[in-house]
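Here is how the chains run, residue by residue.
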Amino acid sequence: MNRIKTVFVLLFLLCLLSGCSIEKVRAQNGVKPEYTVMKETDFPDKVKELIAENKESEFQLTYQDGSWLYLIKGYGKQKTGGYSIQIEDLSLWENAIHLQTVLLGPEEEDLKDDPSYPYLVVRMKYREEPVIFE
């Protein structure tokens, strides 16, 4: 009986030791990749589909097409129009791509009665690192 308990304890410890690991990400100093904020008329069809499927709620997506990587950030349904999105930071970290954006409310003269679905599409050369959206 003791032998069985010992085997179970050892198996439990092995499971704990072989679990997932956490990888730290750190910013590199001043490494800013070249990128383009795209106009809707230039979106690939797949990017248009992804936005249409997800626009009702806040979303963060990436899409790779050939040698391009698309970073797509949407803020979901807003009660009025006139919103804009500002990129606070787009940089290469030690082992990730970091995109930080902020949703800016409409100016009084830009208020519209219809709801809007603000989103942003950034195109950059393809990289394998994961993307961190903030």
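What counts and what doesn't
- Residues numbered from 1 in each chain as written.
- Predicted model: local features only at pLDDT ≥ 70, side-chain atom pairs only at ≥ 80, totals over all residues.
- Heavy atoms only, no water.
- 1 Å grid on protein atoms, 1.4 Å probe; cavity = no way out; pocket = protein on both sides within 12 Å on 5 of 7 lines; lining within 4 Å.
- Points joined across faces, edges and corners; volume = space filled by probe spheres on them.
- Helix = DSSP H or I, 4+ residues; strand = E, 2+ residues; numbered from the N terminus.
- Pairing = 2+ DSSP bridges.
- Core = buried A, V, L, I, M, F, W, Y, C linked by side-chain atoms within 4.5 Å.
- Buried < 20%, exposed > 50% of the residue type's maximum accessible area, 1.4 Å probe, protein only.
- Contact = heavy atoms within 4.5 Å.

1. Points about the layout of surface pockets
(1) Moving on: A volume near 170 Å³ is recorded for the largest pocket.
(2) Moving on: Considering the residues around the largest pocket, the lining is formed by Pro33, Glu34, Tyr35, Thr36, Trp68, Leu92, Arg123, Met124, Lys125 and Arg127.
(3) Moving on: Of all the secondary-structure elements, those providing two or more residues to the lining of the largest pocket are strand S1 (35-37) and strand S6 (119-125).
(4) Moving on: At three residues, S6 tops the list of elements feeding residues into the lining of the largest pocket.

2. Describing the pairing of strand S5 (residues 97-104)
(1) Moving on: Relative to S5, strand S4 (residues 84-92) is paired through eight bridges, and the arrangement is antiparallel. Within the sheet, the bridge partner assigned to Ser91 lies in S5 and is His98.
(2) Moving on: Here S4 folds back onto S5, and the loop between the two strands holds four residues.
(3) Moving on: Bridge count for S5 against strand S7 (residues 131-133) is three bridges, and the pairing is parallel. Its bridge partner lying in S7, Ile97 is registered against Val131.

3. Describing the nonpolar core
(1) Moving on: Leu71, Ile87, Leu90, Ile97, Leu99, Val122 and Met124 are the most contacted members of the largest nonpolar core, which has 13 residues in total.
(2) Moving on: Of all the secondary-structure elements, those providing two or more residues to this core are strand S3 (68-75), S4, S5 and S6.
(3) Moving on: Looking at this core, the element that brings in the most residues is S4, giving four residues.
(4) Moving on: The contacts of Leu99, once residues within four sequence positions are left out, are Leu71, Ile87, Asp89, Leu90, Ile132, Phe133 and Glu134.
(5) Moving on: In terms of nonpolar packing, the next biggest core, distinct from the first, is built from nine residues, Phe43, Val47, Phe59 and Val121 among them.

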